[in-house]
Each structure stands twice: as structure tokens, then as C-alpha cells.
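What follows is each chain in one-letter form.
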Amino acid sequence: ALVNATDAAYGLSTSGSAAANATALAAADAAAVSAGKTLWIPKGSYSTTGVTFTARVYCDTGAIFVASTGTLAFNGGVDWDISTHLTLTGTALATFNDNKTLVGYAEWWGAVTDDVSVDNTAYLNAALVALLKTQLLGATYYTVGKVLLNVNNHCLLGAGGYRDTYLKTAIACSSSTGTILELN
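Residues numbered from 1 in each chain as written. Predicted model: local features only at pLDDT ≥ 70, side-chain atom pairs only at ≥ 80, totals over all residues. Heavy atoms only, no water.

1. Focus on the overall build of the chain
The secondary structure content of the chain amounts to two helices and 17 strands. In terms of overall size, the chain behaves like a compact globule, its C-alpha atoms giving a radius of gyration of 17 Å where 184 residues would be expected to give roughly 16 Å. The buried share of the chain, taken over its 184 residues, is 36%. Each charge sign in the chain was given a centre, from 8 positive and 12 negative side chains, and these centres are 8 Å apart. (Helix = DSSP H or I, 4+ residues; strand = E, 2+ residues; numbered from the N terminus. Rg over C-alpha atoms; globule rule 2.2 N^0.38 Å. Buried < 20%, exposed > 50% of the residue type's maximum accessible area, 1.4 Å probe, protein only. Lys, Arg positive; Asp, Glu negative; His and termini not counted. Charge placed at Lys NZ, Arg CZ, Asp CG, Glu CD.)

2. Here's the deal with the nonpolar core
In globular proteins that are soluble, nonpolar side chains generally tend to be buried together. Within the largest apolar cluster, 38 residues are counted, with the highest numbers of intra-cluster contacts made by Leu39, Ile41, Phe65, Phe74, Trp80, Leu86 and Phe96. Broken down by element, the residue count for this core peaks at five residues, all from helix H1 (residues 18–35). (Core = buried A, V, L, I, M, F, W, Y, C linked by side-chain atoms within 4.5 Å.)

3. Focus: the sheet that holds strand E15 (residues 155–157)
One open sheet holds the three strands; their spatial order is E11-E12-E15, and the pairing between them is parallel. Only two strands of the sheet have a single partner each, and these edge strands are strand E11 (104–105) and E15. Relative to strand E12 (residues 133–135), E11 runs parallel, the two being bridged by two bridges. Considered in E12, the bridge of Tyr105 is made with Gln135. (Pairing = 2+ DSSP bridges.)

4. Examining the pattern of salt bridges
Taken as a whole and judged by the stated rule, the model has one salt bridge. For the salt bridge of Asp79 with Arg56, the shortest nitrogen-to-oxygen distance reads 3.0 Å. Of this pair, Asp79 sits in strand E8 (residues 78–79) while Arg56 sits in the loop between strand E4 (51–53) and strand E5 (57–59); the two residues are 23 residues apart in sequence, bridging distant segments of the chain. A relative accessible area of 26% places Arg56 in the partly exposed class. (Salt bridge = Lys/Arg side-chain N within 4 Å of Asp/Glu carboxyl O.)

5. Focus: the environment of Ala170
Note on placement: Ala170 falls in strand E16 (residues 170–173). Setting aside residues up to four positions removed in sequence, Ala170 forms contacts with Ala139, Thr140 and Tyr141. (Contact = heavy atoms within 4.5 Å.)

That is the geometry; function is a separate question.
Structure, rendered in C-alpha cells:
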């Protein structure tokens with residue numbers, strides 16, 4: 001059972017202001033918690049400010065959260081595919097409850113694989129800070145800067161295994177100098 005955040009009772013809208021959408025998301029989240037349901041975010045790009053989600057959040061393919069301030073705290077966990085995006089700029093950030101969201105993807109922040117023109121450094125670092133486990137696809141993630149794995153108990157997972165010759169994950173530095181991965 002789902003509570004649709006775009007229902008008229010809540011008012012989430014792709015044309016809504018960040019403040020109005022934050023209010024709509026908070027109201028829809030409260031309704032989902034009260035009813036014991038999952039909060040549903042349909043496909044679309046939604047500007048918002050900080051919101052704490054207590055309900056589990058399900059996003060359709062192509063749902064995008066856009067924020068420049070505040071924290072999007074997904075305390076109830078998420079059901080997202082790889083195409084859900086967090087377009088976070090300025091001081092905005094996302095947090096996840098480690099007990100409710102066990103694994104996530106750098107693609108949620110905008111990472112693009114197998115494209116040397118895309119610097120994935122910020123996307124990888126954001127995922128590694130926010131998620132207990134960051135799963136990388138069987139592809140190459142190009143970076144210019146350092147990828148930092150320095151949060152206790154957080155880990156980075158790649159595709160394939162030592163016997164698997166088909167799926168491999170790589171982080172490649174497109175800069176001629178610098179460290180690719182730093183573990184603390």
C-alpha cells in the first residue's frame with residue numbers, strides 16, 4: 001500500500017517551489033507513517049529543501065530530488081532503482097538509515113559509467129559517506145580527484161569476482177597525477 005505524494009491532499013509538484021514541495025513531502029510522509037504505508041514519489045523532478053522521511057520511500061524510475069539546502073534524511077529506508085537521482089548542490093546532503101537502506105548506488109548522485117568526460121569523484125564520495133554499502137556496477141568510473149573511503153563500517157562493493165571475466169568494476173583516474181582511492 002502506497003501514499004502518493006503528488007495527490008492533491010499533499011501537493012508535491014514538479015512545478016512547485018522547494019519550500020512548498022518540502023511541506024508536501026513532510027505531510028505525505030506523516031500520512032504514510034500514520035497509515036503504516038510506503039511513501040510513493042512518481043517520476044519527475046522535484047525541488048525541495050530538507051525533509052526527514054520516517055516512512056519507507058519508493059521512487060518510480062526517473063524520480064529526481066533537487067535541493068540546494070537542507071538534509072534529505074531517509075530514516076525509513078528506500079526502494080529505488082539505479083535511475084533515482086539526488087541532484088544536491090550548495091549545502092544540501094542526503095542521509096540514510098543504515099539499518100533500513102543496506103546498499104545504494106553512486107548513480108543516485110549522478111555517476112555515469114564508461115564515460116571519460118564525466119568526473120565521478122564527487123558522486124562516489126557522496127555515496128560512500130551517505131551509504132553503508134555503495135554498490136558499483138560492472139563498468140569503469142572515471143575520476144579526476146581522490147575517492148575517499150573513510151567512514152567507519154562503510155564499504156565499497158564492485159561487480160564480479162576473481163573467477164568472473166565478464167563483470168569487472170574499475171575506478172580510473174583520468175588525471176595523470178594523484179591517488180585514485182584512499183582508505184582511512
